[in-house]
Number of protein chains: 2
Amino acid sequence: MEKKIPEKVINRLTLYHYILQDYLNAGEKYISSAQVSSLLNIDDSQVRKDISILDNSGKSRIGYDVEELKTSIEKTLGFSKTKKAFIIGAGNLGMALAKYDNFANYGLNIIALFDNDRAKIGSTVNGRLVLDIKKLANLARKNNVDIAILTVPAKYAQQIANLIVESDIKYIWNFTPTVLCVPQNIQVWNENLMGSLLQFTYNI
Amino acid sequence: MEKKIPEKVINRLTLYHYILQDYLNAGEKYISSAQVSSLLNIDDSQVRKDISILDNSGKSRIGYDVEELKTSIEKTLGFSKTKKAFIIGAGNLGMALAKYDNFANYGLNIIALFDNDRAKIGSTVNGRLVLDIKKLANLARKNNVDIAILTVPAKYAQQIANLIVESDIKYIWNFTPTVLCVPQNIQVWNENLMGSLLQFTYNI
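Not measured: the values here are computed from a predicted model. (Residues numbered from 1 in each chain as written. Chains lettered and ligands numbered in written order. Predicted model: local features only at pLDDT ≥ 70, side-chain atom pairs only at ≥ 80, totals over all residues. Heavy atoms only, no water.)

## As for the domain arrangement of chain A
For clarity, the cut-off: Domain delimitation in this document rests on an assignment produced automatically or drawn from a domain database.
Parsing chain A into structural domains produces domain 1 (7-77) and domain 2 (83-196). Taking the mean C-alpha position of each, domain 1 of chain A and domain 2 of chain A sit 32 Å from one another.

The following block contains the structure:
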């Protein structure tokens, strides 16, 4: 991607992509911006504006070509670039993410999980091995792993983040409710469920 | 809350709150905006601007009073208003969320989980019962449940969303990678992990 697309637009385009997949599965060939906007309860003009930033010429009088629009979103958002990831923490959340087959369609290749629990090490989750956390640095370097998906309990988050940094992994997708202290060259994406909850429940 | 706070600000305030909790645990009495901004790798001026919207007078020459600032964030974001929730789907993700004790501190009271798997029904997760999905409507009405946290497999998401709507639950926190079709009076918050992933991995 050359130009920077705002985060909110990326988020909406991903939702449009889900809808297009559903339409494809249902054998629909065309979709209108009004159909998309009504499903998401947003403005029709917003949908058209978002779609206008894609390289998409598939608009006809009867709507957008579902297949073409889906492909444009994939190209624009870079689904096809594969990124390698390790899940650190094979608890319920780590297991849930390992079972999330959808990630592969979006370019995320989860190679393995790591834990320090002897009872889990050596088992498999959705075809991926759970490995000893002690092997993290060695395997991260050997496999050029881009992303560590951090799903350990909050109290171990910083300690494991340090280990991730030492393992030369540059991106941390942080699912723990903590703010990690890492060097400037490490990117952290906080999957902030509490923030989400508070945004969502604002009006209850 | 009277005035509408932008989502991004709510998100950042939640992260400041995590940091303040860490400072409190470490026995620190004061914190500067520079300390917050360096942990989050954002601008100092942004932190000061966000804090300025709070009713907080705890700023001194040596920084903000940690305890006071934490309390102001809690008041502003309405942590104290308790909302009742059911988790629908007792798979790994549902179980992970049920085990997330942090939610209670943010005003989310998870009452029970629901599933259709006989092997799970009747068991407990973190002190909460897993109940038969058939009982959803009855129990949701009896308990005035505000929020359904939807963690079923994507292919059942719409069908279960219909059931949630019939059960008079007005808010759906949707963790499935699908766009739900619901009546206008139902609020859906899409916890869009694919969108997150794509925003985060944009530059890899």
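## As for the sheet that holds strand β6 (residues 124-125) of chain A
Residues and elements named next belong to chain A. Operational definition: Pairing between two strands requires that DSSP report at least two bridges joining them. Numbering of helices and strands runs from the N terminus; a helix is a DSSP stretch of H or I covering at least four residues, while a strand is a stretch of E covering at least two. Here a residue-residue contact requires only that any non-hydrogen atoms of the pair lie within 4.5 Å. Throughout, an axis means a line fitted to C-alpha atoms (over the contacting stretch in the case of helices), and angles, computed between N-to-C directions, take values from 0 to 180 degrees.
Strand order in this open sheet of seven strands is β6-β7-β5-β4-β8-β9-β10, and the pairing throughout is mixed. A strand with exactly one partner marks an edge of an open sheet, and here the two such strands are β6 and β10 (187-190). Pairing of strand β4 (residues 83-88) with strand β5 (residues 108-115) involves six bridges; the strand directions are parallel. Within β5, the residue paired with Ile 88 across the bridge is Phe 114. Helix α8 (residues 157-166) contacts β4, β8 (147-150) and β9 (171-174) of the sheet and is inclined by roughly 170 degrees relative to β8.

## With respect to the sheet that holds strand β3 (residues 63-65) of chain A
Residues and elements named next belong to chain A. The strand order β1-β3-β2 describes an open sheet built from three strands, whose pairing is antiparallel. On the outer flanks of this sheet lie β1 (30-31) and β2 (59-60), each paired with one strand and no other. Here β1 pairs with β3 via two bridges, running antiparallel. Bridge pairing in β3 places Ile 31 opposite Tyr 64. Packed on one face of the sheet, helix α4 (residues 66-77) meets β1 and β3 and runs near 70 degrees to β3.

## Points about the confidence of the model for chain A
Test applied: In predicted models, pLDDT denotes the confidence assigned by the predictor to each residue on a 0 to 100 scale.
In the predicted model, chain A carries a mean pLDDT of 91, and 98% of its residues have values of at least 70. Predicted complex, confidence summary: ipTM 0.83, pTM 0.86.

## Topic: the relation of the copies chain A and chain B
The following threshold applies: To superpose the copies, least squares is applied to the C-alpha atoms of every residue with a pLDDT of at least 70 in both.
By a simple turn and slide, chain A fits onto chain B: the slide is 0.0 Å along the axis, the RMSD is 0.0 Å, and the turn is 180 degrees. What we have between these two chains is a two-fold relation. Ranked by how close their C-alpha atoms come to the rotation axis, the residues of chain A are headed by Asn 92 of chain A, at 2.5 Å. A high fraction, 100%, of the interface residues of chain A reappear at the interface in chain B, so the copies pair face to face through one surface.

## Description of the nonpolar core
We count it as follows: Take the buried residues of types Ala, Val, Leu, Ile, Met, Phe, Trp, Tyr and Cys, join any two whose side-chain atoms come within 4.5 Å, and each joined set is a nonpolar core. A simple rule labels every residue: compare its accessible area, found with a 1.4 Å probe on the protein chains alone, to the largest value its type can have, and call it buried under 20%, exposed over 50%, or partly exposed in between.
Among the nonpolar cores identified, the biggest contains 100 residues, and Ile 149 and Trp 173 of chain A together with Ile 149 and Trp 173 of chain B are the most heavily contacted of them. Discounting residues that sit within four places of it in the chain, Trp 173 of chain A has contacts with Phe 103, Leu 108, Ile 147, Ala 148, Ile 149, Leu 150, Trp 189 and Glu 191 of chain A together with Leu 193, Ser 196, Leu 197 and Phe 200 of chain B.

## Comments concerning the pattern of salt bridges
Should their charged atoms come close, side chains of opposite charge can pair. Residues and elements named next belong to chain A. Where we set the bar: A carboxyl oxygen of Asp or Glu within 4 Å of a side-chain nitrogen of Lys or Arg is what we treat as a salt bridge.
Using the criterion set out here, one finds 14 salt bridges over all chains in the structure. Of the charged contacts in the structure, one is a salt bridge between Arg 118 and Asp 132, with a shortest N-O distance of 3.8 Å. With Arg 118 in the loop between β5 and β6 and Asp 132 in strand β7 (residues 128-132), this pair connects stretches of sequence that are 14 residues apart. We classify Arg 118 as exposed; its relative accessible area is 62%. Asp 132 gets classed as buried once you look at its relative accessible area, which sits at 12%. A salt bridge links Asp 168 to Arg 141, with the shortest nitrogen-to-oxygen separation between them at 2.9 Å. Of the two residues, Asp 168 sits in the loop between α8 and β9 while Arg 141 sits in helix α7 (residues 136-143), which places them 27 residues apart along the sequence.

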